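# Structural overview
Given next are the chains, with one letter for each unit.
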Amino acid sequence: MRASGSTLGVPILLALPARSCGLTETAHLLDHLADESAGQCGPCRFGLAAIALDLREIAHVTPGAQAAASRLVRRLDAIAGRGACAHPDGAIRLARSALRVFRRDLDDHLRGLPCRGATAPPLFPLPGRAR
Ligand code: SF4
């Protein structure tokens, strides 16, 4: 795993259908990670949901998508290493990984090309979230 730039983490593996939006799925996961924190530190209380929102703005190709992409990079740098535990760092790694793996989708969205998966219900069976 390390040799491929990955780590052993949460034991979940889900193959995304081709029509899904990896950035939106990642936003759903980040919302869940924000909800699962105690919200007692700034990075979890304010950062994780904000990062999810940035990803959604990009995926939905809103008029503010370009600004969201710039803001997202700044937020990822600002949050890293700031939590009392490593929870937000794990979330940041997830977001950075999504930006790398779904680079082509990211570029398409920033060129104004939406995808149908952006408005689809979450694929991951997260507690308390509609599927
Ligand atoms: S950084 Fe850790 S301790 Fe602080 S709110 Fe997030 S999960 Fe809780």
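Residues numbered from 1 in each chain as written. Predicted model: local features only at pLDDT ≥ 70, side-chain atom pairs only at ≥ 80, totals over all residues. Heavy atoms only, no water.

A few words on the side chain of His109. Along the polypeptide, His109 turns up in helix 5 (residues 103-110). Not counting the four nearest positions on each side in its chain, His109 is found in contact with Cys21, Leu23, Ile58, Ala59, Val61, Pro114 and Cys115. (Helix = DSSP H or I, 4+ residues; strand = E, 2+ residues; numbered from the N terminus. Contact = heavy atoms within 4.5 Å.)

Neighbouring residues of the ligand: Ser37, Ala38, Gly39, Gln40, Cys41, Cys44, Gly83, Ala84, Cys85, His87 and Pro88. For the shell around the ligand, the residue count by class is six nonpolar, five polar and no charged. (Near = heavy atom within 4 Å. Nonpolar A, V, L, I, M, F, W, Y, C, P; charged D, E, K, R; others polar.)

On to the packing of helix 2 (residues 42-59) against helix 4 (residues 87-101). Helix 4 packs onto helix 2 with a crossing angle of 10° between their chain directions and a minimal axis gap of 10 Å. In terms of orientation, helix 2 and helix 4 fall into the roughly parallel class. Helix 2 and helix 4 meet at a crossing whose hand is left-handed. Counting all contacts with helix 2, which are made through Pro43, Cys44, Leu48, Ile51 and Leu55, the residues of helix 4 involved are His87, Pro88, Ala91, Ile92, Ala95 and Leu99. (Axes fitted to C-alpha atoms, helices over the stretch in contact; angles between N-to-C directions. Parallel < 35°, antiparallel > 145°, perpendicular 65-115°, else oblique. Left-handed = near helix turned anticlockwise from the far one by under 90°.)

Below, the discussion takes up helix 1 (residues 22-36). Spanning 15 residues, helix 1 covers 21 Å between terminal C-alpha atoms, matching the ideal 21 Å at 1.5 Å per step. The buried fraction of helix 1 amounts to twelve of the 15 residues, a majority that puts the element mostly inside the structure. Among the residues making up helix 1, those that are buried are Gly22, Leu23, Thr24, Glu25, Thr26, Ala27, His28, Leu29, Leu30, Asp31, His32 and Ala34. Those residues of helix 1 that are buried are in contact with helix 2, helix 4 and helix 5. (Expected span 1.5 Å × (residues − 1). Buried < 20%, exposed > 50% of the residue type's maximum accessible area, 1.4 Å probe, protein only.)

Residues Leu23 and Ile51 are the most contacted members of the largest nonpolar core, which totals 23 residues. Elements with a minimum of two residues in this core: helix 1, helix 2, helix 3 (65-79) and helix 4. No other element matches helix 2, which puts seven residues into this core. (Core = buried A, V, L, I, M, F, W, Y, C linked by side-chain atoms within 4.5 Å.)

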